[in-house]
Amino acid sequence: VECLESFGIKRDQIATGLYPIDVTFWKDSKAALRNVTEEIESRFSSDSFVVIAVTKMTERENPIAVIRAFARLKDRLPNACLIFVGDGNLRPDIEKFIRENSLEGSTYFPGLVPYKRLPAYYGAADVFLHAPEKEPWGISVLEAMACGLPVVLTKSVGSGADLLIPRKTGVWATSSTPEDIAISLEQAAAIAANPGTADQVEHAVARFDVAVAAETLEVLVDRLQSR
């Protein structure tokens, strides 16, 4: 909003939330796919702290930082596990790192997952991580939050400004270095353990539901037409 106002656009001519998701779809699908989630969870021990990343394994998405941060997190939280959904040209490098650091037993790389099955993977995790080089919005952040997950984001993720409430819905990584991301993930573990976190996360993402966004747009159009 502030950016648009800097170009001389009046606040009553601005509508936000127009890159929405169907929040109900994600919540209902997560519940409906519980059997798939249980299969995913069976790969790890019952006391695992599970981080999920849903991103392309390409330079722009910075997957190397994700996997290096996870390795450092393992030093802090030995029960940490990682689900990395996605594929791309950097996958061989990531798999090599996994082998060299003996992380095979605590990581799961299902590759590309059909969109309708993604809620099952979010449902198997405790925290969502997104650490790209540049991300103007980040629709996967909304998807994860619609499934009740707190998030760890780097400052490059645009949607964080609207969705991340520190110590309530997630944690900002102070930089994109693996060490700082690992520290933020450790902090997020405490947030994820709070019984009220899922409700706060879902409340934060609710205003980006497609129905709410449509209503906001309709109000704006009506207001402009009445001028």
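Look a little higher up for the structure.
Fair warning: this is a prediction, and the values are worked out from it, not measured in the lab.

1. Quick look at the pairing of strand 4 (residues 127-130)
For step 1, the next point in the chain: Side chains Val127 and Leu129 of strand 4 all project onto a buried face; the interleaved residues Phe128 and His130 project onto the opposite face, where all are buried too.
For step 2, the next point in the chain: Alignment of strand 4 against strand 5 (residues 151-153), held across 3 bridges, turns out to be parallel. Note on strand 5: the bridge partner recorded for Leu129 is Val152.
For step 3, the next point in the chain: Crossover strand 4 to strand 5 through helix 7 (residues 139-146) is right-handed.

2. Examining the state of the cysteines
For step 1, the next point in the chain: Applying the stated criterion to the full structure yields 0 disulfides.
For step 2, the next point in the chain: The cysteine Cys147 is free of any disulfide, with Cys81 supplying the nearest cysteine sulfur at 19 Å.

3. Description of the pattern of salt bridges
For step 1, the next point in the chain: For the structure on display, the rule yields 13 salt bridges.
For step 2, the next point in the chain: Notably, a salt bridge pairs Arg72 with Glu179, separated by 3.1 Å at the nearest N-O pair. In this pair, Arg72 is assigned in helix 4 (residues 63-76) and Glu179 in helix 9 (residues 178-192), connecting sequence segments 107 residues apart.
For step 3, the next point in the chain: Classification of Glu179 by relative accessible area gives partly exposed; the value is 28%.
For step 4, the next point in the chain: Where Glu179 meets Arg76, a salt bridge forms, and the shortest distance between an N and an O atom there is 2.4 Å. Of this pair, Glu179 sits in helix 9 while Arg76 sits in helix 4, and the two are 103 residues apart along the sequence.

4. Quick word on the sheet that holds strand 1 (residues 49-54)
For step 1, the next point in the chain: Spatially, 6 strands are ordered 3-2-1-4-5-6 in an open sheet, and the strand pairing comes out parallel. If you trace the sheet from one side to the other, it starts and ends with strand 3 (107-111) and strand 6 (170-172), each paired once. The average undirected angle you get between the axes of adjacent strands in this sheet is 20°.
For step 2, the next point in the chain: Of the strand pairs in this sheet, strand 1 and strand 4 are connected by 2 bridges, and their pairing is parallel. Each bridged residue has a counterpart across the sheet, and for Ile52 the counterpart in strand 4 is Phe128.
For step 3, the next point in the chain: Sheet contacts for helix 4: strand 1, strand 2 (80-85), strand 3 and strand 4; angle to strand 2, the most-contacted strand, approximately 165°.
For step 4, the next point in the chain: The strands touched by helix 7 are strand 1, strand 4 and strand 5; relative to strand 4, the strand with the most contacts, the crossing angle is about 175°.

5. Description of unusual backbone geometry
For step 1, the next point in the chain: The phi angle at Ser102 is positive, at roughly 55°, despite the residue not being glycine.
For step 2, the next point in the chain: Within the secondary structure layout, Ser102 lies in the loop between helix 5 (91-100) and strand 3.
For step 3, the next point in the chain: What makes Ser102 exposed here is its relative accessible area of 60%.
For step 4, the next point in the chain: The residue Arg167 is not glycine, and still its phi comes out positive at about 70°.
For step 5, the next point in the chain: Here Arg167 is to be found in the loop between helix 8 (160-163) and strand 6.

Here is what the cut-offs are and how they apply
- Residues numbered from 1 in each chain as written.
- Predicted model: local features only at pLDDT ≥ 70, side-chain atom pairs only at ≥ 80, totals over all residues.
- Heavy atoms only, no water.
- Buried < 20%, exposed > 50% of the residue type's maximum accessible area, 1.4 Å probe, protein only.
- Helix = DSSP H or I, 4+ residues; strand = E, 2+ residues; numbered from the N terminus.
- Pairing = 2+ DSSP bridges.
- Right-handed = clockwise from strand over helix to strand, strands pointing away.
- Disulfide = S-S within 2.5 Å.
- Salt bridge = Lys/Arg side-chain N within 4 Å of Asp/Glu carboxyl O.
- Axes fitted to C-alpha atoms, helices over the stretch in contact; angles between N-to-C directions.
- Contact = heavy atoms within 4.5 Å.

It is worth stressing that arrangement in space is one thing and function is another; only the former is reported here.
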